[in-house]
Amino acid sequence: MNKILLTGCMLACVLFMSFTFSQPGLQPIMQRGKKVYDTYCLTCHQADGAGVPRMNPPLIKTTYVLGDKKRLINIVLKGFNESVEINGDYYDNPMPAQPQLTDQQVADVLTYVRNSFGNKGTAITLAEVKAERAKLKK
Ligand code: HEC
């Protein structure tokens with residue numbers, strides 16, 4: 001009887017740990033990312049990531065947010081000025097580049113965006129941002 005109990009406890013423990021650590025270290029990144037978002041993105045894209053129709057596009061499950069990471073990083077580093085259609089609305093306003101952000105802040109805010117507002121995406125790493133920033137300097 002005791003053995004069964006013990007095995008049960010151990011199983012529960014392993015399950016709990018694998019759940020908690022499946023995205024290691026995501027929580028501190030999310031906290032830092034939220035701060036960057038609230039300071040540099042929220043005024044345009046809004047607290048819930050829904051944007052402002054026909055002015056600032058939503059960040060909810062768009063192909064830009066969840067698609068190619070390099071393209072996403074470059075939107076923040078270089079700004080974005082194309083006429084795009086997102087969820088049936090058109091956006092022409094330019095998004096200003098955010099060169100004041102450090103590589104770490106860019107990685108944090110994009111990981112935050114990719115895991116907020118109903119999004120579920122892998123983290124953007126510091127190395128990935130560094131690689132794109134290096135291309136800018138050439
Ligand atoms: C001054 C307003 C403004 C600020 C500040 C701003 N954006 Fe944008 N953002 C825009 C606009 C406008 C577009 C659409 C640009 C276009 O049509 O070319 C856009 C487009 C985007 C896109 C691609 C389209 C989409 O909706 O998926 C992403 C991703 C994005 N912004 C993320 C961010 C992040 C992250 C920050 C903060 C670091 C930020 N933006 C700050 C206005 C802004």
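Everything below is about the structure printed above this text.
Residues numbered from 1 in each chain as written. Predicted model: local features only at pLDDT ≥ 70, side-chain atom pairs only at ≥ 80, totals over all residues. Heavy atoms only, no water.

A. Representation of the overall build of the protein within the structure. A count of helical and extended segments in the protein gives seven helices and two strands. When the elements of the protein are put in sequence order from the N terminus, they spell out α-α-α-α-α-β-β-α-α. Here the protein holds 138 residues, and the buried ones make up 35% of them. Intrachain contacts of the protein at a sequence separation of at least 6 include 59% that bridge at least 24 residues. (Helix = DSSP H or I, 4+ residues; strand = E, 2+ residues; numbered from the N terminus. Buried < 20%, exposed > 50% of the residue type's maximum accessible area, 1.4 Å probe, protein only. Contact = heavy atoms within 4.5 Å.)

B. Here's a closer look at the packing of helix H5 (residues 69-78) against helix H7 (residues 126-137). Direction vectors running N to C along H5 and H7 enclose 60°, while the axes themselves pass 10 Å from each other. Overall, the two elements H5 and H7 adopt an arrangement that is oblique. Crossing angle aside, the handedness with which H5 passes H7 is right-handed. Contacts between H5 and H7 involve Lys 69, Lys 70, Ile 73, Asn 74, Leu 77 and Lys 78 on the former and, on the latter, Glu 128, Val 129, Glu 132, Arg 133, Lys 135 and Leu 136. Taken together, the residues of the contact of H5 with H7 sort by class into four nonpolar, one polar and seven charged. (Axes fitted to C-alpha atoms, helices over the stretch in contact; angles between N-to-C directions. Parallel < 35°, antiparallel > 145°, perpendicular 65-115°, else oblique. Left-handed = near helix turned anticlockwise from the far one by under 90°. Nonpolar A, V, L, I, M, F, W, Y, C, P; charged D, E, K, R; others polar.)

C. Examining the coordination of the iron atom of the ligand more closely. Protein ligation of the iron atom of the ligand involves His 45 (NE2) and Met 95 (SD), the donor distances falling in the range 2.0 to 2.1 Å. Judged by its relative accessible area of 11%, His 45 falls in the buried class. (Donors = N, O, S within 2.8 Å, 3.2 Å for Na, K, Ca; no water.)

D. Main features of the site of the ligand. In the vicinity of the ligand, 27 residues are found, and the nearest of them are Cys 41, Cys 44, His 45, Thr 62 and Met 95. Within the side chain of Thr 62, a nitrogen or oxygen atom sits 2.6 Å from an oxygen atom of the ligand. Going through the elements one at a time, helix H3 (42-45), helix H4 (63-66), H5 and strand S1 (84-86) are the ones with two or more residues in the shell around the ligand. In terms of residue count, the dominant contributor to the shell around the ligand is H5 (three residues). (Near = heavy atom within 4 Å. Polar contact = N/O pair within 3.5 Å; in protein donor to acceptor, adjacent residues only side chain to side chain.)

E. Representation of unusual backbone geometry within the structure. Of note in this structure, Gln 46 is not a glycine but carries a positive phi near 70°. Locating Gln 46 in the fold gives a position in the loop between H3 and H4. When its relative accessible area of 29% is taken as the criterion, Gln 46 is described as partly exposed. Look at Asn 87: it is not a glycine, yet its phi comes out positive at around 50°. As for its position among the elements, Asn 87 is in the loop between S1 and strand S2 (89-91). Asn 87 gets classed as exposed once you look at its relative accessible area, which sits at 61%.

F. The arrangement of helix H2 (residues 26-40) in detail. Taking 1.5 Å of rise per residue, the 15 residues of H2 would be expected to cover 21 Å, and the 21 Å separating its terminal C-alpha atoms lies within 8% of that figure. Taken as a whole, H2 has its buried residues at Leu 26, Met 30, Gly 33, Val 36 and Tyr 37. Buried residues of H2, viewed axially, fall in a sector of 125°; they line one side. Exposed and facing more than 90 degrees away from the buried side of H2 are Gln 27, Gln 31, Lys 35 and Thr 39. (Expected span 1.5 Å × (residues − 1). Arc of directions from axis to C-beta.)

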